[in-house]
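As a plain string of letters, each chain reads:
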Amino acid sequence: MGIQCLGFDTSNYTTSAAVFGGGTAENRGRLLTVPEGALGLRQSDALFQHVKRLHLMVEQLRQEGALDQIAAVGASTRPREVEGSYMPCFLVGEGEGRALAAALGVPFCPCSHQQGHVAAAAWSAGREDLLDKPHLAWHLSGGTTELLRVEPEGHTVRAEVVGGTSDIAAGQLVDRAGVLLGLPFPAGKALDALYPEADDTSFYRVKLNGLTFSLSGMENKVKELAEKGEKPANIARFTIDTILNVLVRATREAQKKWPGLPVLCSGGVASNRQIRAAMERECGSVFAQPQYATDNALGVAILTHRALERGATG
């Protein structure tokens, strides 16, 4: 068995721990509890839930014999790899990661949540080679809709935001539509399930300004549909088709600007079946496997493993 690396990710919606050993991976995660009808969690509430739950993820891995040969520990310590990027919830994973690394006498490897998303997506898509070459990547989640130009940087990647939303994220629009329809939060899976029941194929063509677009006005349009008594399946399809249409158009524009660069998609919204099918068909995009599209610690463990292999652990 090769070297094993443990990774933690304590995002605003998921507590997770993962072990990566080169060709093998184990990820254990649990969604945070959001009160019925709420649109998310305060950071203090998210942090408290992570504190109560992260050790349970580690215990699951221990019981399965996945922690016997840990050679390094990593954690996502911030949302993005940019100056000033910070969210308190990541302190839980970082704190436990640093303490465990010190107790084991092994290196600790920090990374950003976004870098972890890119790494998990590339590996689970069978395209770990993308971590060592330039490519485009969508980070599509509950709080982020960013088009990235990604460059390799040592054992990890450097991501420059080149497009995406100028206001609310695609995942926020999905969740707000879902809460409006009385669906559980996060609402992505529920809207995906409703989609095939729609009998109206209309959507809104969002204005694209270069590679940037706004989705805030779509929330009002969804509310208008609900107030008019439109059936939930049609509202679900309207929301999803509006998002996938602008994502496809923005991706095509990016491919014109950077011809030949592969397009990798990650984040919870990227697990939507309709968005995935449209992006694969129209843009040749590469997607994370659904279980690794949402927030997870696997990408953190992968980057920690790469750091250890390349002697970048300090």
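Definitions and cut-offs
Residues numbered from 1 in each chain as written. Predicted model: local features only at pLDDT ≥ 70, side-chain atom pairs only at ≥ 80, totals over all residues. Heavy atoms only, no water. Helix = DSSP H or I, 4+ residues; strand = E, 2+ residues; numbered from the N terminus. Expected span 1.5 Å × (residues − 1). Bend = angle between axes of the 7 residues up to and from the residue. Buried < 20%, exposed > 50% of the residue type's maximum accessible area, 1.4 Å probe, protein only. Contact = heavy atoms within 4.5 Å. Pairing = 2+ DSSP bridges. Axes fitted to C-alpha atoms, helices over the stretch in contact; angles between N-to-C directions. 1 Å grid on protein atoms, 1.4 Å probe; cavity = no way out; pocket = protein on both sides within 12 Å on 5 of 7 lines; lining within 4 Å. Points joined across faces, edges and corners; volume = space filled by probe spheres on them. Nonpolar A, V, L, I, M, F, W, Y, C, P; charged D, E, K, R; others polar. Salt bridge = Lys/Arg side-chain N within 4 Å of Asp/Glu carboxyl O.

Another point: helix H1 (residues 43–63). With 21 residues, H1 extends 30 Å between its outermost C-alpha atoms, agreeing within 8% with the 30 Å of an ideal straight helix rising 1.5 Å per residue. A bend of about 35 degrees at Lys52 is the largest found in H1. Buried within H1 are the following residues: Ala46, Gln49, His50, Arg53, Leu54, Met57, Val58 and Leu61. Close packing links the buried residues of H1 with strand E1 (4–10), strand E2 (14–20), strand E3 (25–31) and helix H2 (90–104). Downstream of H1 by one or two residues, Gly65 has phi in the positive range, about 75 degrees.

With mixed pairing, five strands are arranged side by side in an open sheet as E3-E2-E1-E4-E5. Of all the strands in the sheet, just E3 and strand E5 (108–112) have a single pairing partner and so form its edges. Mean inter-strand twist for the sheet, computed between neighbouring axes without regard to direction, equals 15 degrees. In the packing of helix H10 (residues 298–309) onto the sheet, contacts are made with E1, E2, E3, strand E4 (70–78) and E5, and the angle to E1 comes to roughly 140 degrees.

In this section: unusual backbone geometry. For the bond from Phe185 to Pro186, the omega torsion is -5 degrees, close enough to zero to count as cis. Within the secondary structure layout, Pro186 lies in the loop between helix H4 (170–180) and helix H5 (188–194).

Take the layout of surface pockets next. When its volume is computed, the largest pocket comes out at roughly 1200 Å³. Along the walls of the largest pocket sit 43 residues, with Tyr13, Gly142, Pro186, Gly268 and Thr294 positioned nearest its centre. The set of elements that each furnish at least two residues to the lining of the largest pocket consists of E3, helix H3 (113–124), H4, H5 and helix H9 (290–293). Counting residues per element, the lining of the largest pocket draws most heavily on H4, at five residues. When its residues are assigned to classes, the lining of the largest pocket shows 15 nonpolar, 21 polar and seven charged.

A pair can form between side chains of opposite charge whenever their charged atoms are brought close. Counted by the stated rule, this structure contains 22 salt bridges. Here Arg306 makes a salt bridge to Asp132, at a shortest N to O gap of 2.9 Å. With Arg306 in helix H10 and Asp132 in the loop between H3 and strand E6 (135–140), this residue pair connects regions lying 174 residues apart in the sequence. Here Lys223 makes a salt bridge to Glu219, at a shortest N to O gap of 4.0 Å. A residue pair is termed a helical-turn pair when its members lie 3 or 4 positions apart in one helix, as Lys223 and Glu219 do in helix H6 (residues 216–227) at four residues. Put simply, Glu26, Arg28 and Glu64 are held in one network by salt bridges that share partners.

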